[in-house]
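So the chains spell out like this:
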Amino acid sequence: HLKALGPVSGIVGAGGNFGAVIWLLIYRGITTDPRLPFLVHGCCVVFTALLVPFVHYPQFGSMFFPQTVFDEDQPDATNTAPVDVKISGRV
């Protein structure tokens, strides 16, 4: 997974800059109210945050549901043997 770290970082960074320019061009042609871009951005952030609970990764689970796919490389925590812990009286 670390082999793609550089390219992914570059694409995400370039996409952010490109998106900022596109939004600037859209707002420049639509309105003269300087508060509208902040209002629209806030609405987009709230809408996206409301979608987060519905995101589910089968190998990792989600906010409300456990994982549904178990690999041998990634053991399930419920299938592990109990660990015998001995506590000594010393501090």
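Residues numbered from 1 in each chain as written. Predicted model: local features only at pLDDT ≥ 70, side-chain atom pairs only at ≥ 80, totals over all residues. Heavy atoms only, no water.

The number of helices and strands found in the protein is two helices and two strands. Order of helices (α) and strands (β) in the protein, N terminus to C terminus: α-α-β-β. Looking at the protein as a whole, 4% of its 91 residues qualify as buried. A total accessible area of about 8,600 Å² is found for the protein, and carbon and sulfur atoms account for 70% of it. (Helix = DSSP H or I, 4+ residues; strand = E, 2+ residues; numbered from the N terminus. Buried < 20%, exposed > 50% of the residue type's maximum accessible area, 1.4 Å probe, protein only. Areas by Shrake-Rupley, 256 points an atom, 1.4 Å probe, with all protein chains shown as cover.)

The next thing to look at is the confidence of the model for the protein. Interpretation of the predicted coordinates at a detailed level should be avoided for regions scoring low in pLDDT. With 77% of its residues at a pLDDT of 70 or more, the protein shows a mean pLDDT of 80. Per-element averaging of pLDDT across the protein places strand β2 (residues 61–62) at the bottom with 85 and helix α2 (residues 36–51) at the top with 90. (pLDDT = per-residue confidence, 0-100.)

Before going further, it helps to spend a moment on a nonpolar patch on the surface. A contiguous nonpolar surface patch, about 700 Å² in accessible area, is contributed by Phe18, Val21, Ile22, Trp23, Leu25, Ile26 and Ile30. Of note, isoleucine 26 is situated in helix α1 (residues 5–30). (Patch = residues over 30% accessible without salt bridge, like charges linked within 9 Å, V, L, I, M, F, W, Y side chains within 5 Å. Salt bridge = Lys/Arg side-chain N within 4 Å of Asp/Glu carboxyl O.)

Below, the discussion takes up the side chain of glutamine 67. Turning to its location among the elements, glutamine 67 is positioned in the segment after β2. Among the polar contacts made by the side chain of glutamine 67, one reaches the main-chain carbonyl oxygen of valine 69 at a distance of 3.3 Å. (Polar contact = N/O pair within 3.5 Å; in protein donor to acceptor, adjacent residues only side chain to side chain.)

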